[in-house]
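Residue-level listing of the chains:
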Amino acid sequence: MEDMAGCHRWQQKKRGKGSISKSRRHLLLHCLPSIASPTSLSLLPFPPPPPPLTDLLRVVSRRLVLATKTQSITTMATQEEECMGSVKAQLAKIFEASLKVTVPNEPDVEPLIAACTGKFGDYQCNNAMGLWSKIKGKGTQFRGPPAVGEAIKNNLPTSEMIESCSVAGPGFVNVVLSKNWMAKSIQKMLIEGIDTWAPMPPVKTAVVDFSSPNIAKEMHVGHLRSTIIGDTLARMLEFSKVKVLRRNHVGDWGTQFGMLIEFLFEKFPNFEDATETAIGDLQAFYKASKLRFDSDPAFKERAQQAVVRLQGGEEKYRRAWAQICEISRTEFHKVYQRLGVHLEEKGESFYNPYIPGVIEGLMKQGLVEESQGARVIFIEGVNIPLIVVKSDGGFNYASTDLAALWYRLNEEKAEWIIYVTDVGQQQHFDMVFKAAKRAGWLPQGDNSYPRASHVGFGLVLGEDGKRFRTRNTEVVRLVDLLDEAKSRSKAALIERGKGEQWTEEEIESTADAVGYGAVKYADLKNNRLTNYTFNFDQMLNDKGNTAVYLLYAHARICSIIRRSGKDIEELMNKGTLVLEHKDERDLGLHLLQFAEVVEEACTNLLPNVLCDYLYNLSEIFSKFYSNPECKVIGSDKETSRLLLCEATAVVMRKCFNLLGITPIYKI
């Protein structure tokens, strides 16, 4: 088969990278991929190899062909080129020029552009009513919002983007896009690559803090949402040319380690020989040590002393701590490898040395006060204070989070710090962020940068409507859940007769893609703030809004292109895409809206927006392909429609990539 490539903070804790012309040299350098080196090999799966040189040269060739083939014929060409990708952004540039002419005395008016849902156009400019409220009574020549809308329409500069404009209601300027421009834009994407449709957010560096399991505890279904949602947010930002620091803030520090270390010494006198196999089930090891801690006063005393020795830096205790952490990492890696997720670990222990200095700085600012023996920061509008030093002098989650936030802002120079944890921690993070604003680390406005955002999510429920657990009330181990998804997916393939048709490698890779993809998509398609019910039968269904249906839809499109027997690369460069039929145009419009959908999903930190777009794309393509008037293979429009098929497949693959799902190419 073709290559398939194409909460430590969870509630349990309550917090939880020859000669060549100058123009060609620039183009070649522009095409080369940036390859991030993993900084923590114990956590990171090895990155995929860079694309073969032939692929790079093919992209270069495409761009050179386009450079000689495409010439702008509009006065807005330069501006439109700058914001290529987002139709909304390109239209905003055009309407910005009109607004400056229409209301020259109202500077800095931001164009309000939205996609239309009615029959009057594709997009709409909604500035007229707002402008009217500003200019009425100032001796304006206009007599109401409709007149303002007419003026905005009449002052639009010439652009090949726009086929026609009309004004409706209280000054809404409806825009119908040019079919020729739409077709050229899609073909240009095919030649230059989908990355030219990436949005351009106003940040260069972001931290996404996600997954964050506890050392010495199994990753369970509760960590699933943080890991999947966080990975997708990181992927969308990376696609948008943002440098993303993927942080795994594991729970690797605290009083529980005294208990764990003493239990390790007791069970394994030569503790450095203790391995994952010897220790066995980490969860059971943790529970056994906790039981001993609670029932044996002498053991409890030794455990408390072990904490002091560990935090004092005693070598033996530090080695034991590192041993426990490494065994846990091995377990975590099994999950991350299955999910195709990579993170860099910077756990609680990393930030621990920074806490005293951060607290001292806050005290010098007069933000820290004494309260019942503890040191706290009072937050306006919140009944309870944020405790930063406990009454016994110890630090807590707030101490660590403030130190981590300070480090990310000052050392890593992040402009956007995103925390992906359950909704139960919303208040905690709100208080941390407000304390940071009081300290002047963050601006007061929520829409300014640098910015910190909490991405909350609901629970994973069982079919009984309660928190998803096994029959004996244990939480479900995440690695077991993922293996079950793959097993069911593989069984379905065998049932379809693929065991006789495909190689074992093909079956395994497809089962991976479908099984793991189904689990991810079933989570991501929901608004993250809601709870959702985990159901294998539903998520592995090949009908409806599921990953299986979408992966099969992509494979069918690839099959159409293969059955044509045409060289799609040659068609891209020599053929011409046209959008004459309504169903062709509808599909083309939806493809062109990809960039603004990714931008919306990024801005609002809502992966389900991208899932909705992907499912709708599949439905719109089905309508186009099933229409007899839009026959692809053997029609006089075959070349154009094959290009439209390829464009759909390209956008679907990018959606899959952003969602962390591996596409399949045959079924």
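Before going into details, it helps to say that this report is about the structure given with it. Just so you know, these numbers come straight off a predicted model, no measurement behind them.

This part takes up the packing of helix α20 (residues 504–524) against helix α22 (residues 547–564). Contact pair α20 / α22: the axes reach a minimum separation of 8 Å and the direction vectors enclose 130 degrees. By the angle class used here, α20 and α22 are oblique. For the pair formed by α20 and α22, the contact residues are Ala513, Val514, Gly517, Ala518 and Tyr521 on the first element and Ala547, Val548, Leu550 and Leu551 on the second. Residue composition of the contact of α20 with α22, grouped by class: eight nonpolar, one polar and no charged.

Contact pair helix α18 (residues 478–495) / α20: the axes reach a minimum separation of 8 Å and the direction vectors enclose 125 degrees. Taken together, the axes of α18 and α20 lie oblique to each other. Here α18 and α20 pass one another in a crossing that is right-handed. For the pair α18 and α20, the contacting residues are Leu481, Leu482, Asp483, Ala485, Lys486, Ser489, Lys490, Leu493 and Ile494 in the first and Glu504, Ile507, Glu508, Thr510, Ala511, Asp512, Val514, Gly515, Tyr516 and Val519 in the second. Across the contact of α18 with α20, the residue classes tally to 10 nonpolar, three polar and six charged.

Once that is clear, we can look at the sheet that holds strand β7 (residues 344–345). Across the sheet, which stays open at both edges, the five strands sit in the order β7-β6-β5-β11-β12 with parallel pairing between neighbours. Every other strand in the sheet has two partners, leaving β7 and β12 (451–457) as the edge strands with one partner each. Pairing analysis gives two bridges linking strand β6 (residues 243–248) to β7, with the strands arranged parallel. Bridge pairing in β7 places asparagine 248 opposite glutamate 345.

Before going further, it helps to examine the pairing of strand β11 (residues 416–422). Counted residue by residue, β11 has seven buried out of seven residues, so it is predominantly covered. Relative to β11, strand β5 (residues 205–209) runs parallel, the two sharing four bridges. Note on β11: the bridge partner recorded for aspartate 209 is tyrosine 419. Chirality of the crossover, the property in question, places the unit of β11, helix α17 (residues 426–438) and β12 among those that are right-handed.

Across soluble globular proteins, you tend to see nonpolar side chains buried next to one another. Counting 163 residues, the largest nonpolar core has Leu177, Trp197, Leu481, Phe534, Phe594 and Val651 as its most contacted members. In terms of residues, this core owes the most to one element, helix α27 (residues 638–658), which gives 12 residues. Those residues in contact with phenylalanine 594 that sit more than four places away from it in its chain are Ile194, Trp197, Phe239, Leu610, Tyr613, Val651, Lys654, Cys655 and Leu658.

Definitions and limits used
- Residues numbered from 1 in each chain as written.
- Predicted model: local features only at pLDDT ≥ 70, side-chain atom pairs only at ≥ 80, totals over all residues.
- Heavy atoms only, no water.
- Axes fitted to C-alpha atoms, helices over the stretch in contact; angles between N-to-C directions.
- Helix = DSSP H or I, 4+ residues; strand = E, 2+ residues; numbered from the N terminus.
- Parallel < 35°, antiparallel > 145°, perpendicular 65-115°, else oblique.
- Contact = heavy atoms within 4.5 Å.
- Nonpolar A, V, L, I, M, F, W, Y, C, P; charged D, E, K, R; others polar.
- Left-handed = near helix turned anticlockwise from the far one by under 90°.
- Pairing = 2+ DSSP bridges.
- Buried < 20%, exposed > 50% of the residue type's maximum accessible area, 1.4 Å probe, protein only.
- Right-handed = clockwise from strand over helix to strand, strands pointing away.
- Core = buried A, V, L, I, M, F, W, Y, C linked by side-chain atoms within 4.5 Å.

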